[in-house]
Amino acid sequence: MKKFGEKDKLQLIYNFKKDPFGESKYFSDSWGTFEIYVKNKDLCRVTMYGETRKYEWNLVYITEWLVYNLEYIIGYDPFPLFQSDKNLNDMLEIACNKEWEDDLEFDLWYGALHTWTRRHAWASESGGSLISNVSFYRRGNKIEITWNNEEERDLRIKYEYKKGTENIERKYFIEVICEFLANITEDLYQKDKNNKTFKELKEKFNFWLRCKENNW
């Protein structure tokens, strides 16, 4: 088990395990548990059949999403159409309920929102799992982390934390996420150096890290 950061701020934890199903020909080596604590709340914790469980799946998917979208989370990728001081959950609700008289404008808006959401909400690339619906959005020197699990996607699963938002210092967020990604991409690569996806994730993140260290 590897831990990064502090639970009362932001902490990520992962632990590789044997794939209980053995169905994934390419990603079985990435099977494991994952926890993300934001101000002492594990946003991925669920209750299933009366038992509290950690999120468990092929961790390559969440790793891949973070590697490819980190620049949008910590960089400059404003919410489409409007800006607001409201929290991201409220902004998304307003956006989704907006009415349009012009079909073309609706299509353009929906496309822009869909593209933006894929870069900021990791559930969009979950590999088929029912991961907690968590989003990340930069606001100045902070990263807003929101979660919204009020919509029941599977009646067997109850998320401990239904809906909320917290802000994490951007510098601290970057330090924790980078330490997490440096470790998990290396671990995946060491598990199977012939796996193309594992190799590409390691190389892409290392390139991103070198750019960061050289101040871009």
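Treat the numbers as computed from the prediction; the structure is a model and nothing was measured. (Residues numbered from 1 in each chain as written. Predicted model: local features only at pLDDT ≥ 70, side-chain atom pairs only at ≥ 80, totals over all residues. Heavy atoms only, no water.)

Caption draft 1: Here's a closer look at the overall build of the protein chain. Secondary structure summary: the protein chain contains five helices and 11 strands in total. Computed over C-alpha atoms, the radius of gyration of the protein chain comes to 18 Å, within 12% of the 17 Å expected from 2.2 N^0.38 for 216 residues, which places it in the range of a compact globule. Counting only C-alpha atoms, the protein chain reaches 55 × 50 × 35 Å along its principal axes. Buried residues in the protein chain amount to 45% of all 216 residues. (Helix = DSSP H or I, 4+ residues; strand = E, 2+ residues; numbered from the N terminus. Rg over C-alpha atoms; globule rule 2.2 N^0.38 Å. Buried < 20%, exposed > 50% of the residue type's maximum accessible area, 1.4 Å probe, protein only.)

Caption draft 2: Main features of the sheet that holds strand β8 (residues 134-139). Spatial strand order, β8-β9-β11: three strands in an open sheet with antiparallel pairing. Each of the sheet's edge strands pairs with one partner strand only, and the pair in question is β8 and β11 (163-169). Adjacent strand axes in the sheet meet at a mean angle of 20°, parallel and antiparallel pairs treated alike. Packed on one face of the sheet, helix α1 (residues 60-74) meets β8 and β9 (142-148) and runs near 35° to β8. (Pairing = 2+ DSSP bridges. Axes fitted to C-alpha atoms, helices over the stretch in contact; angles between N-to-C directions. Contact = heavy atoms within 4.5 Å.)

Caption draft 3: Broad picture of the packing of helix α2 (residues 88-97) against helix α3 (residues 103-120). For the pair α2 and α3, the least separation of the axes is 11 Å and the interaxial angle reads 155°. Here α2 is positioned roughly antiparallel relative to α3, judged by the angle of their axes. Classified by chirality, the crossing of α3 by α2 is left-handed. Counted together, Leu-88, Leu-92, Ala-95 and Cys-96 of α2 and Trp-109, Leu-113 and Trp-116 of α3 form the full contact between these two elements. In terms of residue class, the contact of α2 with α3 is made up of seven nonpolar, no polar and no charged. (Parallel < 35°, antiparallel > 145°, perpendicular 65-115°, else oblique. Left-handed = near helix turned anticlockwise from the far one by under 90°. Nonpolar A, V, L, I, M, F, W, Y, C, P; charged D, E, K, R; others polar.)

Caption draft 4: View of α2. Within α2 the residues assigned to the buried category are Leu-88, Asn-89, Met-91, Leu-92 and Ala-95. Across the axial projection of α2, the buried residues extend over an arc of 160°, all falling on one side. In this fold, the buried residues of α2 make contact with α3, β8, β9 and β11. (Arc of directions from axis to C-beta.)

Caption draft 5: Examining the pairing of β8 more closely. Judged by how many residues are buried, β8 sits mostly within the fold: five of six residues are covered. Taken together, the six bridges between β8 and β9 define a ladder with antiparallel strand orientation. Bridge pairing in β9 links Ser-135 to Thr-146. Taken together, β8 and the strand that follows it, β9, pair antiparallel across an intervening segment of two residues, in which Gly-140 is found at a positive phi of about 65°.

Caption draft 6: Looking closely at the packing of α1 against α3. At a minimum axis distance of 8 Å, the contact between α1 and α3 shows a crossing angle of 115°. Classified by the interaxial angle, the pair formed by α1 and α3 is roughly perpendicular. On α3, the residues that touch Trp-65, Asn-69, Tyr-72 and Ile-73 of α1 are Arg-118, Arg-119 and His-120. Its residues assigned to classes, the contact of α1 with α3 shows three nonpolar, two polar and two charged.

Caption draft 7: Highlighting unusual backbone geometry. The backbone of Lys-39 shows a phi angle near 50°, a positive value even though the residue is not glycine. If you trace the backbone, Lys-39 turns up in the loop between β3 (31-38) and β4 (41-42).

Caption draft 8: Representation of a negative patch on the surface. On the surface, Glu-101, Asp-102, Asp-103, Glu-105 and Asp-107 cluster together to form a negatively charged patch. The residue Asp-107 is located in helix α3 in this model. (Patch = residues over 30% accessible without salt bridge, like charges linked within 9 Å, V, L, I, M, F, W, Y side chains within 5 Å. Areas by Shrake-Rupley, 256 points an atom, 1.4 Å probe, with all protein chains shown as cover. Salt bridge = Lys/Arg side-chain N within 4 Å of Asp/Glu carboxyl O. Lys, Arg positive; Asp, Glu negative; His and termini not counted. Charge placed at Lys NZ, Arg CZ, Asp CG, Glu CD.)

So yeah, pure geometry; function would need other evidence.
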